[in-house]
Number of protein chains: 2
Amino acid sequence: MEEGTSKEPSHSCCTEEAFQWDTREDCDVRQILDRIGDKWSLLVIALLDDGSMRFTELKKTIDGISQRMLTVTLRQLERDGLVKRTVHPVVPPRVDYELTPLGVTLHATIQSLVTWTETHQTEIARSRARYDAAVASE
Amino acid sequence: MEEGTSKEPSHSCCTEEAFQWDTREDCDVRQILDRIGDKWSLLVIALLDDGSMRFTELKKTIDGISQRMLTVTLRQLERDGLVKRTVHPVVPPRVDYELTPLGVTLHATIQSLVTWTETHQTEIARSRARYDAAVASE
DNA sequence: CAGTATCCGTGTGGATACTG
DNA sequence: CAGTATCCACACGGATACTG
């Protein structure tokens, strides 16, 4: 695997020299934002919140995900301690994934963001339409 | 400007056919996640929460941001109705940016995520160390 | 000062083929 | 079944130069 295994903080904010802006917002926050902001992690977390699932089950449920990205995503979540991976020693292999208690609390926290979005989606859509119209007619 | 101006939902979930997984989590949520998950938006929002700022002021404060990305980021936030842009008709030009009421509520909502991260960062760091060690010694 | 325009390197993620 | 390995396309964002 060539990516995502040992991503170091890339911002200079984490070094002693040179943090001009509110650093505490970044660094640690950045890392979980990179997780929930990526294409699939949040979706996997949301699905596993309903109970444990097998690899193929996830793959079938998440429309459009590649085998590779499902693996990568699950590994990252496992590494962060958000998801637990259980291998059953049978043939053919059976692997179950479930949220850890930590993962459950993260999902709960993200819910407020989901709620915010649902509440304000119309407002945002209107704002975008207004903006685009203003730009187009100038 | 070649990017970010009219990004359409790319997921098939938003079409009538083919949504297998919990679609409501995506689509609308995806769009604000793309915003707060990107490299600079959250940082700009956090800074503007302390009061309005000028373009150059933001540029100086946010270490490492390019002129281009500051402009792009601000335009996106403006388009979403999260940031208000005020041009003062003077020479040299003076442009102020401030959070809209909507932007303020988003920032407030994100705070819970920041808090969660601060609370669990040690736990995550330990989990990663454990995982990496396990992978290395096999 | 506050942008825009252009060019270009890199990382993220998709497609495909192969395996214990 | 549950992965790995490899290759590749394209979007994101950085550097630089120019402008009302």
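This structure is a prediction, so every number in the text was calculated from the model and none was measured. (Residues numbered from 1 in each chain as written. Chains lettered and ligands numbered in written order. Predicted model: local features only at pLDDT ≥ 70, side-chain atom pairs only at ≥ 80, totals over all residues. Heavy atoms only, no water.)

(A) Spatial organisation of the overall build of chain A. Looking only at helices and strands, chain A features five helices and three strands. Traced from its N-terminal end to its C-terminal end, chain A shows the element sequence α-α-β-α-α-β-β-α. Looking at chain A as a whole, 43% of its 138 residues qualify as buried. Considering only residue pairs separated by 6 or more positions, chain A has 43% of its internal contacts joining residues 24 or more positions apart. (Helix = DSSP H or I, 4+ residues; strand = E, 2+ residues; numbered from the N terminus. Buried < 20%, exposed > 50% of the residue type's maximum accessible area, 1.4 Å probe, protein only. Contact = heavy atoms within 4.5 Å.)

(B) Molecular detail of the relation of the copies chain A and chain B. Rotating chain A by 180 degrees and translating it 0.0 Å along the rotation axis places it on chain B, where the RMSD comes to 0.1 Å. Taken together, the rotation and translation describe the operation of a two-fold axis. No C-alpha of chain A lies nearer the rotation axis than that of Gly 37 of chain A, which sits 2.2 Å from it. (Least-squares fit on C-alpha atoms with pLDDT ≥ 70 in both.)

(C) Examining the pairing of strand β2 (residues 83-88) of chain A more closely. Residues and elements named next belong to chain A. The pairing of β2 with strand β3 (residues 94-99) spans six bridges and is classified as antiparallel. Directly across from His 88, in β3, lies its bridge partner Arg 94. Between the antiparallel neighbours β2 and β3 lie five residues. (Pairing = 2+ DSSP bridges.)

(D) Local environment of the sheet that holds strand β2 (residues 83-88) of chain B. Residue and element names in this part refer to chain B. Ordered in space as β1-β3-β2, the three strands form an open sheet in which the pairing is antiparallel. The strands lining the two open edges of the sheet, one partner per strand, are β1 (53-54) and β2. Contacts from helix α2 (residues 41-48) reach β1, β2 and β3 (94-99), with the element oriented near 90 degrees to β3. Of the strands in this sheet, β2 and β3 are in contact with helix α4 (residues 67-79), which crosses β2 at around 115 degrees. (Axes fitted to C-alpha atoms, helices over the stretch in contact; angles between N-to-C directions.)

(E) Structural view of the protein's contact with DNA strand D. Taken together, 24 residues sit near DNA strand D, with Thr 56, Gln 67, Arg 85 and Tyr 97 of chain A together with Arg 68 of chain B positioned nearest. Among all atoms of DNA strand D positioned within 4 Å of the protein, those belonging to sugar or phosphate total 60%. Separating a phosphate oxygen of DNA strand D from a side-chain N or O atom of Tyr 97 of chain A is a distance of 2.6 Å. Within the contact set of DNA strand D, a phosphate oxygen lies 3.5 Å away from a side-chain nitrogen or oxygen of Trp 40 of chain B. Residue assignment for the surface near DNA strand D shows that the elements contributing at least two residues are α3 (55-61), α4 (67-79) and β3 of chain A together with α4 of chain B. Ranked by residue count, the leading element in the surface near DNA strand D is α4 of chain A, at four residues. Of the residues that constitute the surface near DNA strand D, the class distribution is nine nonpolar, four polar and 11 charged. (Near = heavy atom within 4 Å. Polar contact = N/O pair within 3.5 Å; in protein donor to acceptor, adjacent residues only side chain to side chain. Nonpolar A, V, L, I, M, F, W, Y, C, P; charged D, E, K, R; others polar.)

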